[in-house]
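A closer look at the structure
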Amino acid sequence: MASSSKSEPVKIAAPLWGRSLRHQGVVIGALIVAMVVLIALCAPLIAPHDPYYQDLLARLKPPVWDDRGSWDHILGTDHLGRDYLSRLIYGARISLLIGIGAALISGLIGTIMGVMAGYFGGRVDMVVTFLITVRLSMPVVLVALAVVAIVGGSLQVVIMVLGLLLWDRFAVVMRSSTLQIRSMDYVAAAQAVGCSTTRVLMTEIMPNVVNNLIVIATLEMAHAIILEAALSFLGLGVQPPLPSWGLMVSEGKDMMLFEPWLITIPGVALFLLVLSINLLGDGVRDITAPENRN
Amino acid sequence: MLYYSLKRFALALLVALTVSLISFSLLYISSDPAIAMAGETATDADIEAIRQLYGFDRPILVQYFDWLQRALAGDLGQSYYFRTNVSALIAERLPTTMTLGVTAILFAITLAVPLGVAAAIRPNSLIDRIALFLSVMGQALPSFWFALMLIVLLSVNLRLLPTSGSDTWLHLVMPTVVLGYYAAPAIMRLTRTGMLEVLSTDYIRTARAKGLRPPVVLFKHALRNAIIPVVSLAAVQFGFMLGGSIVVETIFALHGAGFLAWESITRNDLPTVQGLILVFSLFYIVLTFFADLINAWLDPRIRIN
């Protein structure tokens with residue numbers, strides 16, 4: 001006992017960092033996500049123009065790499081003469097807000113349901129499993145479109161609707177992780193010493209399932225971002241003149257045969273953001289819980 | 001097996017009932033359906049007349065059971081826009097969506113299963129890395145954008161395929177690819193892990209040791225066992241696809257149920273939307289029910305637990 005109390009405390013954080021830095025996916029994903037977050041935060045500082053300012057005399061200017069392009073509008077202008085780069089930069093804010101907002105709401109719902117089901121089992125588990133089955137059998141895009149059409153499209157509505165629809169994976173994963181942890185000796189020990197249920201849940205269960213929670217939260221963020229873009233593309237998501245990337249693709253669609261960059265640019269931005277978030281999520285899972293792959 | 005089937009059937013029934021309740025109440029979270037039906041120029045008296053004619057003045061639960069009773073008999077009510085029966089409308093549009101769904105899931109399987117098997121035979125090889133790369137890329141590609149890029153590339157620049165409509169099988173190529181690619185990564189990954197797991201079992205080692213040819217070991221002994229979970233995943237993905245066809249059908253102007261859903265939503269035609277949500281959900285419930293039965297039949301361990 002005496003010798004072990006003198007020994008150095010085990011450092012868990014250090015090897016975790018080392019593994020993260022050696023994991024290509026995590027490094028690439030984290031770099032791109034960090035860049036997008038920075039761009040979104042500093043949007044007013046780096047956007048060359050006002051994203052809402054219309055200049056009808058300068059409509060559909062092509063990007064700078066085109067022969068007709070100019071450095072004044074690096075990515076050109078849209079059908080209303082608004083600077084495309086500025087709209088792209090402000091659009092990052094919308095995608096991130098949607099992703100974070102929807103993941104927070106669905107994460108809260110799904111975690112409560114999943115942890116309760118896993119910890120209490122029995123009837124609670126039956127009810128939660130049933131709710132998950134019901135939720136999975138409803139077509140997400142259709143229900144989301146219908147609700148947005150009825151309630152009216154706005155950023156808040158889209159975040160709420162996606163948040164209320166995407167909790168299934170949180171619930172499934174939290175349930176199985178909690179089931180695993182519940183059978184551990186330290187949980188039985190905590191119960192035996194007389195810890196309250198809340199305390200067992202908060203201090204024994206939660207810290208041990210939080211890694212999985214983070215992984216699902218990242219992946220669901222990407223899911224929400226892609227769904228918002230699809231909803232906005234169909235005209236039933238975020239409404240104009242907000243510069244949502246999905247909306248930009250939708251607005252450029254009519255002219256895509258003549259000016260393909262109108263849909264290429266916001267599409268690539270969307271693809272890169274979702275890809276990097278997924279890389280980050282998959283990577284974190286590889287590092288913290290390699291046994292949970294697939 | 002009979003006990004398991006009955007239990008599973010009761011659950012499916014309960015899920016279907018809950019879904020029907022949710023899609024029914026969708027009509028009421030909006031506003032007064034009588035006002036929606038009467039249109040903008042209607043007077044108060046008109047609205048009142050419609051309310052009594054369609055029974056909107058009765059308690060909601062009574063209306064729900066009335067609606068459910070008729071839905072069970074195949075009557076999903078009248079479309080606000082077409083003024084015809086919703087069931088007939090959906091039945092007319094469903095074959096296009098089904099065809100698209102079947103071709104898309106077949107496309108996903110023929111792409112994903114061989115890749116998954118190849119990746120599992122040689123883990124961490126070049127082909128494994130390519131498969132992983134493709135699946136990561138595929139999951140990040142927004143389907144509506146992918147569809148537009150395919151149109152620009154294949155229809156406009158190369159003039160290979162028609163952009164919209166549903167006249168010939170050529171019209172189905174792009175929608176199939178767009179709907180199918182999204183399901184492929186999940187199927188690929190599951191095939192790969194399943195194969196990896198099976199290939200490390202004792203009975204595969206025995207099969208190899210007794211001198212069976214590698215293809216026989218691989219396909220007859222390994223793939224057969226690894227494919228079980230893939231079958232149920234494919235069923236689930238097929239169910240999701242029908243819901244996801246709304247984006248694809250809208251872009252390619254395929255007049256299926258997904259396109260009808262989008263049209264009805266933009267026209268505020270709630271009975272049709274309600275009917276479509278119910279039909280899509282029921283389809284998913286039936287699919288997963290049969291997938292579970294097949295699984296239980298193939299793997300007795302599932303039945304007992």
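What you see is a predicted model; the values in this text were computed from it and never measured. Starting from 1, residues in each chain are numbered consecutively following that chain's sequence as written. Each chain takes a letter, starting from A, and each ligand takes a number, starting from 1, following the order in which they are written. Per-residue local features of the predicted model are confined to residues with pLDDT of at least 70, and side-chain atom pairs are confined, for both listing and counting, to 80 or more; whole-chain, interface and lining totals are unaffected and use all residues.

Runs of E in the DSSP output that reach at least two residues are strands. Runs of H or I that reach at least four are helices, and both are numbered from the N terminus. Each helix and strand in chain B was counted, giving 14 helices and zero strands. Ordered by position in the sequence, the α and β elements of chain B form the string α-α-α-α-α-α-α-α-α-α-α-α-α-α. Overall, chain B is about 85 × 60 × 30 Å in size when its C-alpha atoms are taken along their principal axes. Taking all 305 residues of chain B together, 39% fall into the buried category. It is the C-beta atoms, placed from the backbone, that decide contacts: two residues are in contact if theirs lie within 7 Å. Across chain B, contacts joining residues at least 24 apart in sequence account for 73% of those joining residues at least 6 apart. Exposure in this text rests on C-beta crowding, where 20 or more other C-beta atoms within 10 Å of a residue's own make it buried, 12 or fewer make it exposed, and counts in between make it partly exposed. The C-beta atoms are placed from the backbone.

This paragraph deals with the confidence of the model for chain A. Residues and elements named next belong to chain A. The predictor attaches a confidence to each residue, called pLDDT, with possible values from 0 through 100. Summarising the model, chain A shows a mean pLDDT of 87, and 93% of its residues fall at 70 or more. The element-level mean pLDDT for chain A is lowest in helix α1 (residues 2-6), coming to 45, with helix α5 (residues 84-120) highest at 94. A low-confidence stretch, residues 1-6 (pLDDT under 50), is modelled with zero contacts involving residues beyond four sequence positions or located in other chains.

Before going further, it helps to examine the interface of chain A and chain B. Interfaces are often described in size by the accessible area the parts lose on coming together. Counting residues at the interface gives 33 residues for chain A and 35 residues for chain B. Of all the secondary-structure elements, those providing two or more residues to the side of chain A that touches chain B are α6 (122-137), α7 (140-151), α11 (197-233) and α13 (261-288) of chain A. Gly is put with the polar residues, along with every residue not named as nonpolar or charged; the nonpolar set is Ala, Val, Leu, Ile, Met, Phe, Trp, Tyr, Cys and Pro, and the charged set is Asp, Glu, Lys and Arg. The residue makeup of the side of chain A that touches chain B, split by class, is 27 nonpolar, five polar and one charged.

As a further point, take the nonpolar core. Ranked by size, the top nonpolar core spans 163 residues in total, and within it A:A144, A:L145, A:L162 and B:I187 carry the most contacts. For this core, the leading source of residues is helix α11 (residues 214-252) of chain B, giving 18 residues. The term nonpolar core means buried Ala, Val, Leu, Ile, Met, Phe, Trp, Tyr and Cys residues held together as one set by C-beta atoms within 7 Å.

Another point: the environment of A:D125. Residue and element names in this part refer to chain A. The residue D125 is located in helix α6 in this model. C-beta crowding within 10 Å serves as the criterion here: with 17 such atoms nearby, D125 is assigned to the partly exposed category. Beyond its immediate sequence surroundings of up to four residues, D125 is in contact with A117 and F120.

A few words now on unusual backbone geometry. Following A:P240, the chain continues into A:P241 via a peptide bond in cis, with omega recorded as 5 degrees. Within the secondary structure, A:P241 sits in the loop between α11 and α12 (245-252). One non-glycine residue with positive phi stands out, namely B:N124, at about 65 degrees. For B:N124, the position within the fold is in the loop between α5 (86-121) and α6 (126-140).

Our focus in this paragraph is the environment of B:T168. Residues and elements named next belong to chain B. Among the structural elements, T168 can be located in the loop between α7 (143-157) and α8 (170-181). Look at T168 and you get exposed, because 9 C-beta atoms sit within 10 Å. In this structure, the C-alpha to C-alpha distance between T168 and V279, residues 111 residues apart in sequence, is 26 Å.

Do not read the predicted coordinates in detail wherever pLDDT is low. The predicted model of chain B averages 84 in pLDDT, with 94% of residues at 70 or higher. Complex prediction metrics read pTM 0.88 and ipTM 0.85.

A word on the packing of α12(A) against α13(A). All names here are of chain A. The axes are straight lines fitted to the C-alpha atoms, using for helices just the contacting stretch, and the angles between their N-to-C directions are given from 0 to 180°. Where α12 meets α13, the closest approach of the two axes is 8 Å, and the angle between their N-to-C directions is 160 degrees. The angle between α12 and α13 falls in the class roughly antiparallel. Judged by the twist between their axes, the crossing of α12 over α13 is left-handed. For the pair formed by α12 and α13, the contact residues are W245, M248, V249 and G252 on the first element and L262, I263, P266, G267, A269 and L270 on the second. The cut-offs work like this: below 35 degrees is roughly parallel, past 145 is roughly antiparallel, 65 to 115 is roughly perpendicular, and the gaps in between are oblique. In this scheme the crossing of two helices becomes right-handed for a clockwise turn of the near helix relative to the far one and left-handed for an anticlockwise turn of less than a right angle.

Turning next to the packing of α7(A) against α11(B). Closest axis-to-axis distance for the α7(A)/α11(B) pair is 7 Å, and the angle between their directions is 60 degrees. Compared by their axis directions, α7(A) and α11(B) come out oblique. Of α11(B), the residues touching α7(A) (which contributes A:V140, A:V141 and A:L142) are B:G243, B:G244, B:I246 and B:V247. Residue composition of the contact of α7(A) with α11(B), by class: five nonpolar, two polar and no charged.

Once that is clear, we can look at α6(A). Residue pairs three or four apart in sequence face the same way in an α-helix, which turns once every 3.6 residues. The terminal C-alpha atoms of α6(A), which comprises 16 residues, lie 23 Å apart, in line with the 22 Å expected from a rise of 1.5 Å per residue. Within α6(A), burial applies to A:V128, A:I132, A:V134, A:R135, A:L136 and A:S137. Here the expected span of a helix is defined as 1.5 Å times the quantity of residues minus one.

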